[in-house]
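Observations on the three-dimensional arrangement
Chain by chain, the residues run as shown.
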Amino acid sequence: MNVSTPPFDMAFAQDELQRRGLHAKLHWVAEVDSTNRWAIDQAEQGEPAFTWFVADRQTQGRGRLGRAWLSPPGRNLYASVILRPSLASTEAPTVGLAMALAAVRALKACGANPQIKWPNDLQVAGKKVAGILCEARFEPAAAPQSIACIVAGFGINVAMKPGEFPPELSSTATSLHAVGVATNREQVFAELASAVEAVMEQLAAVGFISLCDEWNAASALTGRFIEVLFGNESRQGTVLGIDRSGRLLLLTSSGLEPIVAGDVSVKK
Ligand code: BTN
């Protein structure tokens, strides 16, 4: 397979969506501030589920916890999708975990062997190859509060060369090419679009419980001693896995603690 060079091959991507019989609709631009911002705007104007927004380059790529996402042109996939799950707002975190699993399936289909660092970072050989940012909007009038839409934004390092990462990322970030996976952005996109639809169908039909074992099998953290930061608090402990609600099960010195959200660093 050829290594991708700009511009993104829209004809190939569109053909793949059609060949796979997906609902996905694809919008592409050369440059945008953030594909998540773009997708949220469009979702609020009524665009349907599985509409994708892809850019060659982002000028204000957003990461989790208010961080920036490095988004140079011609190398990586920056893709956001509108999801409209019929779920209570309390179940929104399971959608983020389901998206991590979709990305695992997609990267496996491209020949990689990724693991998930809870909640939804993807690593290969211990380095981050992809990050996912889910942003939700809720139906204010519904009781209990329900999800109006979730935009899931995927940043997947496809063809970055090791020397192209800035110094602060060079020891922690990698790309599919850097780990020897000869794929391209269009192929990764097509696998991702397939996997997102499959995972969302499973989530709707059976619930997160049906994804839990596969998720735990892909977890990079199980058995590791970690620190998790949430708000002004932190906990340290050994990870036992995630439970059926997607909470991280941490065995701390004071017992078992389920963690709903947070930022993890591995200690041992
Ligand atoms: C993380 O911090 O790990 C999440 C990074 C998510 C980055 C992607 S790139 C496409 C989409 N648009 C954004 O602005 N962010 C997400």
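Residues numbered from 1 in each chain as written. Predicted model: local features only at pLDDT ≥ 70, side-chain atom pairs only at ≥ 80, totals over all residues. Heavy atoms only, no water.

Quick notes on the overall build of the chain
Let me state the cut-off plainly: Numbering goes from the N terminus for both helices and strands, where a helix is a DSSP run of H or I of at least four residues and a strand is a run of E of at least two. Only protein chains enter the calculation, and the probe is 1.4 Å; a residue is then buried if its accessible area is under 20% of its type maximum, exposed if over 50%, and partly exposed in between. In this analysis, two residues are considered to be in contact whenever any of their non-hydrogen atoms come within 4.5 Å of each other. Computed with a 1.4 Å probe, the accessible areas rest on the Shrake-Rupley method; for each residue, only the protein chains presented here act as cover. Here Asp and Glu are counted as negative and Lys and Arg as positive; His is not counted, and neither are the chain ends. Positions of charges follow a simple convention, taking NZ of Lys, CZ of Arg, CG of Asp or CD of Glu.
When its secondary structure is counted, the chain shows five helices and twelve strands. Burial status across the chain gives 52% buried among its 268 residues. Within the chain, contacts between residues separated by at least 24 positions form 64% of all contacts whose residues are at least 6 apart in sequence. Carbon and sulfur atoms make up 51% of the accessible area of the chain, which totals about 12,000 Å². Counting 24 positive and 26 negative side-chain charges, the chain places the averaged centre of each group 6 Å from the other.

A few points about the side chain of Lys117
Stated precisely, the cut-off is as follows: The working definition used for a salt bridge is a side-chain nitrogen of Lys or Arg within 4 Å of a carboxyl oxygen of Asp or Glu. Polar contact criterion, stated in full: a pair of N or O atoms within 3.5 Å, where within protein one must be able to donate a hydrogen and the other to accept it, and residues adjacent in sequence count only if both atoms are side-chain atoms.
By the secondary structure assignment, Lys117 is in strand E4 (residues 115-117). The side chain of Lys117 is buried and forms no salt bridge, while Asp121, the nearest opposite charge, is found at 4.3 Å. For Lys117, the side chain forms a polar contact with the main-chain oxygen of Val264, separated by 2.9 Å. Beyond its immediate chain neighbours, meaning those up to four positions away, Lys117 contacts Gln123, Ala220, Leu221 and Val264.

Regarding the packing of aromatic side chains
So the rule is basically this: Two aromatic rings, drawn from Phe, Tyr or Trp (for Trp, its six-membered ring), form a pair once their centres lie within 6.5 Å of each other, and the interplanar angle then sorts them: stacked below 30 degrees, edge-to-face above 60, tilted otherwise. Geometrically, a charge over a ring is one whose NZ (Lys) or CZ (Arg) sits within 6 Å of the ring centre while staying within 35 degrees of the ring normal.
Per the stated rule, a full pass over the model turns up five aromatic pairs. Ring geometry for Phe8 versus Phe189: centroids 6.3 Å apart, planes at 80 degrees, classification edge-to-face. Taken as a pair, Phe8 in the segment before helix H1 (10-19) and Phe189 in helix H4 (residues 185-205) lie far apart in primary sequence, 181 residues in all. We note that Phe8, like Phe189, is buried. Judged by centre distance (5.0 Å) and plane angle (65 degrees), the ring pair of Trp38 and Phe53 falls under edge-to-face. On the criterion of sequence distance, the pair formed by Trp38 in helix H2 (residues 35-44) and Phe53 in strand E2 (residues 51-58) is long-range, its members being 15 residues apart. Accessibility expressed as a relative area gives 14% for Trp38, which makes it buried. Feature note: the residues Phe8, Trp28, Trp52, Phe154 and Phe189 constitute an aromatic cluster, connected by ring pairs. Above the plane of the ring of Phe225 lies Lys268, whose end atom (NZ or CZ) is 4.8 Å from the centre.

What to know about the nonpolar core
In summary, soluble globular proteins display a tendency toward joint burial of nonpolar side chains. Rules: Throughout this description, the term nonpolar core refers to a set of buried Ala, Val, Leu, Ile, Met, Phe, Trp, Tyr and Cys residues connected via side-chain atoms within 4.5 Å.
Counting 67 residues, the largest nonpolar core has Trp52, Phe154 and Val196 as the members making the most contacts within it. Ranked by residues supplied to this core, first place goes to helix H3 (residues 92-109) with twelve residues. With ten residues, the next largest nonpolar core counts Ala43, Phe53, Ala55 and Cys149 among its residues.

What about helix H5 (residues 209-217)?
Under the convention used in this document: Regarding the arc, it is the one traced by the directions from the helix axis to the C-beta atoms.
Within H5 the residues assigned to the buried category are Leu211, Cys212 and Trp215. Down the axis of H5, the buried set is contained in an arc of 120 degrees. They therefore lie on one face. Those residues of H5 that are exposed and angled more than 90 degrees off the buried face are Asp213 and Ala217. Those residues of H5 that are buried are in contact with H3, E4, H4 and strand E9 (233-242).

Digging into the site of the ligand
Note the following rule: Only heavy atoms are used to decide nearness, and a residue is near a molecule or strand if one of them lies within 4 Å of it. Three categories are distinguished: nonpolar for Ala, Val, Leu, Ile, Met, Phe, Trp, Tyr, Cys and Pro, charged for Asp, Glu, Lys and Arg, and polar for the others, with Gly belonging to the last.
Within the structure, the ligand sits among 20 residues, and Ser34, Gln58, Arg62, Arg64 and Lys128 are positioned closest to it. One of the side-chain N or O atoms of Thr35 is found 3.0 Å from a nitrogen atom in the ligand. Contact between the ligand and Arg64: an oxygen atom at 2.6 Å from a main-chain N or O atom of the residue. Protein coverage of the free-state accessible area of the ligand, which is 420 Å², stands at 98%. If you list the elements that add at least two residues to the shell around the ligand, you get H2, strand E3 (77-83), strand E6 (127-139) and strand E7 (146-156). Take the shell around the ligand: its biggest share by element is four residues, from E6. Split by residue class, the shell around the ligand holds six nonpolar, ten polar and four charged.

Section: the sheet that holds strand E10 (residues 248-252)
What counts, and what does not: Should DSSP find at least two bridges between two strands, the strands are taken to pair. Here, axes are lines fitted to C-alpha atoms. For helices the fit covers the stretch in contact, and angles between N-to-C directions go from 0 to 180 degrees.
With antiparallel pairing, the five strands of this open sheet are ordered in space as E11-E10-E9-E8-E12. Sheet topology places strand E11 (255-259) and strand E12 (263-266) at the edges, where each strand pairs with a single neighbour. Within this sheet the neighbouring strands show an average axis-to-axis angle of 45 degrees, counted without direction.

Quick look at the environment of Val196
For Val196, the position within the fold is in helix H4. Between the C-alpha atom of Val196 and that of Ala102, which follows or precedes it by 94 residues, the distance is 5.2 Å. Discounting chain neighbours no more than four positions away, the residues touching Val196 are Phe50, Trp52, Val81, Leu83, Met99, Ala102 and Phe154.

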